[in-house]
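Each chain is listed here by its residues.
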Amino acid sequence: MQQTRRASLSRLSKRLAAIVLPGFLLVGCLGDQSPLLPASATSEGEIAPRISTMQRASDQEHQRLLAAFGGEYRAPRARAALDEVVQRLAKAGEGQIGHYDITILNSPVVNAFALPNGRLYVTRGLLALANDTSEIASVLAHEIAHVTAQHAVERAEKEAESALVSQVVSQVLKDPTRGAAVSAGSKLSLAKFSRQQELTADQISVRNISRAGYDPYGAGRFLATLGRNTAFRSSGQNQSADDKRLDILSSHPQTPERISAVTAAARQIGAPGIGERDANRWLNAIEGLAYGDDPRDGVVRGRRYLNSALRIGFSAPDGFSLESAQDMVIGVSANGAQALRFDSVTLKSGQTLESYVAAGWIEGVETTGIEKTEIAGQPAVRAHGRGTDWTFRLAAVQIGDRVYRFILAARGGSDPERQMRSIVDSFRIMIPAEAQAVRPMQIRLVAAEAGDTIASMAERMPEQDRPGELFQLLNGLDRNATLTPGQRYKVVAE
């Protein structure tokens, strides 16, 4: 039942998220698509002008990445550990690896990528999954391999094939299932590395981390973790074709194929047990790392949504699951028959709340029954809406020139009035002290005691979805793994 519910959340949230223009989505080398330079930066011609153009384009891409991934995340210990890994890779690279500058991105998304000029990017979401230095070394070596093999230059020639967001969003309500998935995947749609380029980068990375003194088997372990993370995020359900295209590893060779290839490459170097792993050093570097949502963007705590920057919060009805996305919150009921979206817009000069709602903010949905009211002491409007397959309850709360919008959709002819009443009654403006108390979840290290199990460790993460599975994922453990007393393990806590 829980898995069915999560699968419904995945499908319905994508449909509802596309009702209003979504925010950015950008993924890189470990994800669906990667950032690259405009075609003009890599066209054939003299080398000097091309490099100059490439540098300018790279600077622009750097700013786009910061904007799309929540800016730079400053974590001095993690940054120092990453810098040391790159220095060792460069020393072992026999001149092939030059200077690389690393940026940690403030995003829970699991991703890493590199620009052709040597800028490396890793998200804090990826750092949390690594369990030793050799694993993170394999990620950096893989990205560096794309640069040294000039894969990004070859890939840039394919940029013209990318889809345009504006051509997709206009079709969303005509075909919600397909439109939502395509829109999410193409908000910054860019060409991909080829299958062979990914396999080549894997092979190069295994050799380089081994020459740098790291365990070459770290690449296989981390790829296995990436595969498990994808399964965890997708709830292990059978996905539609569009869902699979949005999967974090969908544009790459299948994870088992890559694991098999890097493991074979490692065996050519030596038997398991060679090279440095240094788990303790890596765990020390990421202890205290923020995990999940940034409070400035809003966080989900069970059925509650809290945004410390906007100082607002609300609760979903009983049985709903919430998920925070960029610039919105989406959710679904336990039976999958109702879906929720929350976001905000700014009123135009001279525009009233009533005229805004009457104009209809959902394309193709007739808005009726507009009623002026108050919510949390603020001017508000409630309304009804009806589409082809869905019945809507709408609510908009005005605070200054900002309008906070709730869309609750029900299918099958049911009326979501009672659930919408519960939502708007829970909406509130937090006092400053309460807003400041909303802190991000963090990676914490806990030493196992005699008798500790995966289940007992998972009890330390009560506000996390499927805490037992998450604990296994974060620590690279199998379901039946036995914990070692005295050994430190990652948990998620405030």
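Residues numbered from 1 in each chain as written. Predicted model: local features only at pLDDT ≥ 70, side-chain atom pairs only at ≥ 80, totals over all residues. Heavy atoms only, no water.

**So, the packing of aromatic side chains**
The full count for this structure, using the stated rule, is eleven aromatic pairs. Here the aromatic rings of Tyr 404 and Phe 427 are separated by 6.2 Å at their centres, their planes lie at 40°, and the arrangement is tilted. One end of the pair, Tyr 404, is in strand β14 (residues 402-411); the other, Phe 427, is in the loop between α15 (417-426) and β15 (428-429), with 23 residues separating them in the sequence. Like Tyr 404, the residue Phe 427 is buried in the burial classification. Grouping aromatic residues by their ring pairs yields a cluster made of Tyr 305, Phe 314, Phe 342, Tyr 404, Phe 406 and Phe 427. Its guanidinium or amino end placed over the ring of Tyr 214, Arg 88 lies 4.1 Å from that ring's centre, counting from NZ or CZ. In this arrangement the basic side chain of Arg 466 is found over the ring face of Phe 232, its NZ or CZ atom lying 4.1 Å from the centre. (Phe/Tyr/Trp six-rings, centres within 6.5 Å; stacked < 30°, edge-to-face > 60°. Helix = DSSP H or I, 4+ residues; strand = E, 2+ residues; numbered from the N terminus. Buried < 20%, exposed > 50% of the residue type's maximum accessible area, 1.4 Å probe, protein only. Lys NZ or Arg CZ within 6 Å of the ring centre and 35° of its normal.)

**Quick word on the environment of Met 457**
Relative to the helices and strands, Met 457 resides in helix α17 (residues 454-458). In this structure, the C-alpha to C-alpha distance between Met 457 and Val 491, residues 34 residues apart in sequence, is 7.6 Å.

**A look at empty space enclosed by the protein**
If you walk through the whole model with that rule in mind, you get two cavities of 30 Å³ or more. Residue lining of the largest cavity: twelve residues in total, with Ser 138, His 142, Asp 202, Leu 223 and Arg 258 positioned closest to the centre. Only α5 (133-148), α9 (195-211), α10 (218-233) and α12 (255-269) provide two or more residues apiece to the lining of the largest cavity. Counting residues per element, the lining of the largest cavity draws most heavily on α10, at four residues. (1 Å grid on protein atoms, 1.4 Å probe; cavity = no way out; pocket = protein on both sides within 12 Å on 5 of 7 lines; lining within 4 Å. Points joined across faces, edges and corners; volume = space filled by probe spheres on them.)

**Comments concerning the environment of Arg 488**
In this structure, Arg 488 sits in strand β17 (residues 488-493). Considering only alpha carbons, one finds Arg 488 and Ala 279, 209 residues apart in sequence, at a separation of 9.7 Å. Beyond its immediate chain neighbours, meaning those up to four positions away, Arg 488 contacts Asn 280, Leu 283, Asn 284, Leu 445, Val 446 and Ala 447. In terms of polar contacts, Arg 488 uses its side chain to reach the side chain of Asn 280, at 3.5 Å. A distance of 2.8 Å separates the side chain of Arg 488 from the side chain of Asn 284, its partner in a polar contact. (Contact = heavy atoms within 4.5 Å. Polar contact = N/O pair within 3.5 Å; in protein donor to acceptor, adjacent residues only side chain to side chain.)

**Here we look at the nonpolar core**
Residues Leu 82, Leu 127, Trp 282 and Phe 471 are the most contacted members of the largest nonpolar core, which totals 66 residues. In this view, Leu 127 contacts Ala 78, Leu 82, Ile 104, Val 122, Ile 136, Trp 282, Ile 286 and Leu 289; residues no more than four positions away in its chain are not counted. Core analysis: the next-biggest nonpolar cluster, separate from the first, contains 21 residues, Ile 312, Phe 320, Ile 423 and Phe 427 among them. (Core = buried A, V, L, I, M, F, W, Y, C linked by side-chain atoms within 4.5 Å.)

**A look at the confidence of the model for the protein chain**
Residues of the protein chain with pLDDT of at least 70 account for 74%, and the chain-wide mean is 77. Highest mean pLDDT in the protein chain belongs to helix α13 (residues 279-286) (97); lowest belongs to helix α7 (residues 165-169) (33). Scored below 50 in pLDDT, residues 17-28 shows 49 contacts in the model against residues more than four places distant or in partner chains. Per-residue pLDDT stays below 50 along residues 236-252; that stretch engages in 46 contacts with residues further than four places along the chain or on separate chains. (pLDDT = per-residue confidence, 0-100.)

**Notes on α15**
Of the positions making up α15, those classed as buried are Gln 419, Met 420, Ile 423, Val 424 and Ser 426. Taken down its axis, α15 places every buried residue within 160° of arc, on the same side. In α15, the exposed positions angled more than 90 degrees off the buried face are occupied by Arg 418 and Asp 425. (Arc of directions from axis to C-beta.)

**Digging into the pattern of salt bridges**
Under the counting rule described, the total for this entry stands at 25 salt bridges. Across the pair Asp 132 and Arg 277 runs a salt bridge, and its minimum N-O distance is 3.3 Å. Placement of the pair is Asp 132 in the loop between α4 (124-129) and α5 and Arg 277 in the loop between α12 and α13, with a sequence separation of 145 residues. On the basis of relative accessibility, which here comes to 2%, the residue Asp 132 falls in the buried class. Classification of Arg 277 as partly exposed rests on a relative accessible area of 42%. We note a salt bridge from Arg 466 to Glu 469, for which the minimum N-O separation is 3.8 Å. Bridged by salt links that share partners, the residues Asp 132, Glu 135, Asp 215, Arg 221 and Arg 277 form one connected network. (Salt bridge = Lys/Arg side-chain N within 4 Å of Asp/Glu carboxyl O.)

**Re α13**
Every buried residue of α13 is listed here: Trp 282, Leu 283, Ala 285 and Ile 286. All buried residues of α13 fall inside an arc of 155° around its axis, so they share one side. Structurally, α13 contributes buried residues whose contacts are with α3 (76-92), α4, α5, β16 (441-447) and β17. In the stretch just after α13, Gly 288 is the one whose phi turns positive, near 90°.

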